[in-house]
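Close look at the chain arrangement
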Amino acid sequence: QVQLVESGGGLVQPGGSLRLSCVASGSIFSIYTMGWYRQAPGKQREFVASMTSGYNTNYADSVKGRFTISRDNAKNTVYLQMNSLKPEDTAVYYCNMFRDSGRLVYNYWGQGTQVTVSS
């Protein structure tokens, strides 16, 4: 059974930084695309960043230049370094683990971690 456990959220002032972590268990971490999504109150969940098994990255326009996704396959962990945080970054951040094998799609989610950017 796949489990994703996020950590690192909290309250930070505008302009500050946080690093989120997501530890995966129950599957072969290295073959999956890992991603981060977020959901603000009253809004739909939206894409933030992703990194493929080949280390290709993709970012939402709203976070480009401020957020950096990385992964450590030896630790089954994906990170999201968030700098220059803005109040509009306030949301619950979710870790995602995805793979399309061609026959089956594997899509797993963590429970989320709250990030609040406020003075």
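Structure first, text after, so check above.
This report concerns the structure included in the present document. (Residues numbered from 1 in each chain as written. Predicted model: local features only at pLDDT ≥ 70, side-chain atom pairs only at ≥ 80, totals over all residues. Heavy atoms only, no water.)

1. Considerations on the overall build of the chain
On a plain count of helices and strands, the chain comes out with zero helices and eleven strands. For the chain, the succession of helices and strands along the chain, N to C, is β-β-β-β-β-β-β-β-β-β-β. Taking 119 residues into account, the globule formula puts the C-alpha radius of gyration at 14 Å, and the chain, at 14 Å, falls close to it. Residues counted as buried form 39% of the 119 residues belonging to the chain. Here the contacts in the chain between residues at least 6 apart in sequence split such that 54% fall between residues at least 24 apart. With the model as given, the accessible surface of the chain reaches about 6,400 Å², and the carbon-plus-sulfur share is 46%. When the 11 basic and 7 acidic side-chain charges of the chain are each reduced to a single mean position, those positions are 4 Å apart. (Helix = DSSP H or I, 4+ residues; strand = E, 2+ residues; numbered from the N terminus. Rg over C-alpha atoms; globule rule 2.2 N^0.38 Å. Buried < 20%, exposed > 50% of the residue type's maximum accessible area, 1.4 Å probe, protein only. Contact = heavy atoms within 4.5 Å. Areas by Shrake-Rupley, 256 points an atom, 1.4 Å probe, with all protein chains shown as cover. Lys, Arg positive; Asp, Glu negative; His and termini not counted. Charge placed at Lys NZ, Arg CZ, Asp CG, Glu CD.)

2. Overview of the sheet that holds strand E8 (residues 77-82)
Taken together, the four strands give an open sheet; going across it, the order is E1-E3-E8-E7, and neighbouring strands pair in antiparallel fashion. One side of each edge strand has no neighbouring strand; the edge strands of this open sheet are strand E1 (3-7) and strand E7 (67-72). The mean angle between the axes of side-by-side strands here comes to 15 degrees, regardless of whether they run parallel or antiparallel. With six bridges joining them, E7 and E8 adopt antiparallel strand pairing. Looking at the pairing, aspartate 72 lines up with threonine 77 of E8. (Pairing = 2+ DSSP bridges. Axes fitted to C-alpha atoms, helices over the stretch in contact; angles between N-to-C directions.)

3. Let's talk about the nonpolar core
Grouped together as the largest cluster of nonpolar side chains are 30 residues, with contacts concentrated most on Trp36, Leu80, Met82 and Tyr93. Listing elements by their share of this core, those giving two or more residues are strand E3 (18-25), strand E4 (33-39), strand E5 (46-51), E7, E8, strand E9 (91-100) and strand E11 (113-117). (Core = buried A, V, L, I, M, F, W, Y, C linked by side-chain atoms within 4.5 Å.)

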